[in-house]
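What follows is the residue order along each chain.
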Amino acid sequence: QFPLGRRLPCDIYWHGVSFHDSNIFSGQVNKFPGMMETVRKITLSRAMRTMQDLFPVEYNFYPRSWILPEELSVFVDEVRTMKDSNPSSKPTFIVKPDGGCQGDGIYLIKDPSDIRLTGSIQSRPAVVQEYICKPLLVDKLKFDIRLYVLLKSLEPLEIYIAKDGLSRFCTEPYQEPTLKNLHQVFMHLTNYSLNIHSGNFIHSDSVNTGSKRTFSSILCRLSSRGVDVKKLWSDIISLVIKTIIALTPELKVYYQSDIPAGKPGPTCFQILGFDILLMKSLKPMLLEVNANPSMRIEHEQELSPGVFENVPSPVDEEVKVAVIRDTLRLVDPQKKKRKDTHLSFHTYLLIFPTQLQSLHAGVAGMKDKQHKHHSLKLSLKLKFYLKLGSCQSLKQVPEASEELPDAPKSLEAALPSLCLKQVFPKYSKQFSYLRLLDRVAALFIRFLGVKGTTKLGPTGFRTFIRNCKLSNSNFSMAAVDILYIDITRRWNSMGIDKESGMCLQAFVEAFFCLARKKYKSLPLHEQVSALLQLCENRLAALRGRRLVWGCG
């Protein structure tokens, strides 16, 4: 581990929180630039809303959302309309702070007037969503699913989903929300970090029981009741792919800013945590996406008042060790070079155990002796997976440059089958029509002009309009400037980023506005598609003419 950063070339860099190292010029990094910002609750809600505008049926797996404080008045008006049209309806809403995690600051409300406007809403913006009142229950308890998704590549897009996940249970029997039980967090909120403090929380040595179980154990139970588990998995895969498609445009803008094309730089991959809730109808609903899902494989156990011990969690080990192991197998830089040559454990014995040990190194209050015990346990577990036999000491692990006399000829033959299943590009044909905003982002990036920026200036926007020949007698360049100023000013007033210029989301709004002007009678997604085709054709023709001029 290198807390202050490592400058020697490595195959794989495993950062703890975010992509933050500008001195990496090769290898692979386990974080994408901008991922933390892209999956924040407000940014995610905006991205999902844009896709809902384009494809309302395809993106109905994300709850209706409003952003506070800027959309508070809209929220108030829409709730009033909702109640007027159906006086018997008693909707419930859930308020989530934008930067919150582990259930921090989340609460339920029945009326907009219940929003806690204590001044912090301005300094700590939030998302308010329709609360899913009819979740699927197991043992009368509400639960959610944490699925691990590997985004292996952005361009080309490559997505893997872990075949198993975690099911995290509430610790009080569920009842539909009323004014009396709104504040019972152990009934309504599935966050592990909250429910672990409940007196009803059950730590189990079995992956099939307790307050945290494997998702596969839930699927087995549902299958025994006659549920079509294949259909459920298909719906979940669809949800994950559509969500990633909604996030990629923003990620591509961050990526070109931190790792400009044509310059040496690393490639990126990232493990994401998808939190999904199953409705009573078995429809999966996306709750949120975590850029840094917890990879801890132990929990604290109180031996006596104030005295805690970290003990292994079988359900966490079952799922998380496999996810990390197989992520490293998929991104292994030596994989293409290695065929049937004698096996070197350079990547695996240096990178893998170190990173698994790091899961424990940051645990507060962990004693050195205890740390060594867990590190040894994980090292032994790794060697078990590699079928290298038992080993009683970490010192017996061969050096990185050593070859093992009895090493298997093929690494893949020595490991369990992959727990990560490729879903994209495997199913790309089914979802390619949804990738309109990737093409809009490509236009945005093309006209940014200055490498390393994420904002489009007025000159870049005017150049886009001119090159695509979008101005005419009904839409003058003066009108273009007014459109740019109005949209940019509004988006900049909402954001924390003080850099001047038009962000991608503002450009998307402007593009939608242009598409509506030009193709009035079509649905929005057809308007956007038609304008994209027009812009791409005209830019291609312009490029062709410039090539001819260059040859001349």
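A quick note: this is a predicted structure, and the numbers were derived from the prediction, not measured.

Caption draft 1: View of the overall build of the protein. If you tally the helices and strands in the protein, you get 18 helices and 17 strands. In the protein, which comprises 552 residues, the share counted as buried stands at 50%. Element-wise, carbon and sulfur atoms account for 54% of the exposed surface of the protein, whose accessible area totals about 26,900 Å².

Caption draft 2: A look at unusual backbone geometry. Residue Pro156 is reached from Glu155 by a cis peptide bond, and omega for that bond is 5°. Structurally, Pro156 can be placed in the loop between strand E8 (141-153) and strand E9 (158-162). Residue Pro425 follows Phe424 across a cis peptide bond; omega there is 15°. Inspection of the secondary structure assignment puts Pro425 in the loop between strand E17 (420-424) and helix H13 (428-431). Located in the positive-phi region is Asp139, a residue other than glycine, with phi close to 55°. Locating Asp139 in the fold gives a position in the loop between strand E7 (137-138) and E8. Taking the relative accessible area as the measure of exposure, Asp139 reaches 42% and is therefore partly exposed. One non-glycine residue with positive phi stands out, namely Leu282, at about 75°. Positionally, Leu282 belongs in the loop between strand E13 (270-278) and strand E14 (284-290).

Caption draft 3: Molecular detail of the packing of helix H14 (residues 436-446) against helix H17 (residues 504-518). Two elements in contact, H14 and H17, have axes separated by 10 Å at closest approach and are oriented at 110°. It follows from the interaxial angle that H14 and H17 lie roughly perpendicular. Side by side, H14 and H17 meet where Leu437, Val440, Ala441, Leu443 and Phe444 of the first sit next to Leu504, Phe507, Val508, Phe511 and Phe512 of the second. For the contact of H14 with H17, the residue count by class is 10 nonpolar, no polar and no charged.

Caption draft 4: Main features of the packing of aromatic side chains. Under the criterion given, the structure shown has 18 aromatic pairs. Where Phe143 meets Phe169, the ring centres are 5.1 Å apart and the plane angle is 25°; that geometry is what we call stacked. Residue Phe143 is located in strand E8, and its partner Phe169 is located in strand E10 (residues 166-169); the two are separated by 26 residues in the primary sequence. Considering the side-chain rings of Phe461 and Phe464, the 6.0 Å spacing of their centres and the 45° angle between planes classify their relative orientation as tilted.

Caption draft 5: Quick look at helix H7 (residues 215-224). If you check which residues of H7 are buried, you get Phe215, Ser217, Ile218, Leu219 and Leu222. Contact partners of the buried residues in H7: E8, E10, strand E11 (212-214) and helix H8 (229-258). Once H7 finishes, Gly226 follows within two positions and takes phi at roughly 95°, a positive value.

Caption draft 6: Spotlight on the packing of helix H15 (residues 458-467) against H17. Where H15 contacts H17, the two axes come as close as 13 Å, and the packing angle between them is 30°. Considering the angle they form, H15 stands roughly parallel to H17. Here H15 runs over H17; the crossing is right-handed. Here Phe461, Phe464 and Ile465 of H15 come into contact with H17, specifically with Phe507, Ala510, Phe511 and Leu514. Looking at the contact of H15 with H17, its residues break down into 7 nonpolar, no polar and no charged.

Caption draft 7: Examining the sheet that holds strand E2 (residues 28-29) more closely. With respect to topology, 3 strands assemble into an open sheet ordered E1-E2-E12, the strand pairing being parallel. At either margin of the open sheet sits one strand with a lone partner, and together these are strand E1 (12-13) and strand E12 (267-268). In terms of strand pairing, E2 meets E12 through 2 bridges, oriented parallel. Looking at the pairing, Val29 lines up with Cys268 of E12.

Caption draft 8: Representation of the pattern of salt bridges. A full pass over the atoms with the stated rule returns 26 salt bridges. Ionic pairing is found between Asp438 and Arg435, a salt bridge with its closest N-O pair at 2.7 Å. Arg435 shares its class with Asp438; the two are buried. Linking Arg439 and Glu536 is a salt bridge whose minimum nitrogen-to-oxygen distance equals 2.8 Å. Residue Arg439 is found in helix H14, and its partner Glu536 is found in helix H18 (residues 524-551); the two are separated by 97 residues along the sequence. With relative accessibility at 26%, the residue Arg439 sits in the partly exposed group. You can call Glu536 partly exposed: its relative accessible area is 27%.

Caption draft 9: Just the sheet that holds strand E5 (residues 107-109), in detail. Strand order in the open sheet formed by 4 strands is E3-E6-E4-E5, with antiparallel pairing between adjacent strands. Only two strands of the sheet have a single partner each, and these edge strands are strand E3 (65-68) and E5. Adjacent strand axes in the sheet meet at a mean angle of 25°, parallel and antiparallel pairs treated alike. Both strand E4 (residues 93-97) and strand E6 (residues 126-130) contribute to a ladder of 5 bridges, which runs antiparallel. Looking at E6, one finds that Val95 is bridged to Val128. The sheet strands contacting helix H2 (residues 41-54) are E3, E4 and E6, and the helix crosses E3 at an angle near 140°. Relative to the sheet, helix H3 (residues 72-85) contacts E3, E4, E5 and E6, its axis offset from that of E3 by approximately 145°.

Caption draft 10: View of the pairing of strand E15 (residues 298-304). In this sheet, strand E16 (residues 307-312) lies alongside E15 in antiparallel orientation, the contact comprising 6 bridges. Bridged to Glu298 within E16 is Pro312. If you look at the hairpin formed by E15 and E16, you'll find 2 residues sitting between the two strands, and Gly306 has a positive phi there, around 85°.

Caption draft 11: Here's a closer look at a positive patch on the surface. On the surface, a cluster of positive charge is made up of Arg446, Lys469, Arg543, Arg545 and Arg546. Considering each element in turn, the positive patch owes the most residues, 3 residues, to H18. You can see Arg446 is positioned in helix H14.

Here is what the cut-offs are and how they apply
- Residues numbered from 1 in each chain as written.
- Predicted model: local features only at pLDDT ≥ 70, side-chain atom pairs only at ≥ 80, totals over all residues.
- Heavy atoms only, no water.
- Helix = DSSP H or I, 4+ residues; strand = E, 2+ residues; numbered from the N terminus.
- Buried < 20%, exposed > 50% of the residue type's maximum accessible area, 1.4 Å probe, protein only.
- Areas by Shrake-Rupley, 256 points an atom, 1.4 Å probe, with all protein chains shown as cover.
- Axes fitted to C-alpha atoms, helices over the stretch in contact; angles between N-to-C directions.
- Parallel < 35°, antiparallel > 145°, perpendicular 65-115°, else oblique.
- Contact = heavy atoms within 4.5 Å.
- Nonpolar A, V, L, I, M, F, W, Y, C, P; charged D, E, K, R; others polar.
- Phe/Tyr/Trp six-rings, centres within 6.5 Å; stacked < 30°, edge-to-face > 60°.
- Left-handed = near helix turned anticlockwise from the far one by under 90°.
- Pairing = 2+ DSSP bridges.
- Salt bridge = Lys/Arg side-chain N within 4 Å of Asp/Glu carboxyl O.
- Patch = residues over 30% accessible without salt bridge, like charges linked within 9 Å, V, L, I, M, F, W, Y side chains within 5 Å.
- Lys, Arg positive; Asp, Glu negative; His and termini not counted.
- Charge placed at Lys NZ, Arg CZ, Asp CG, Glu CD.

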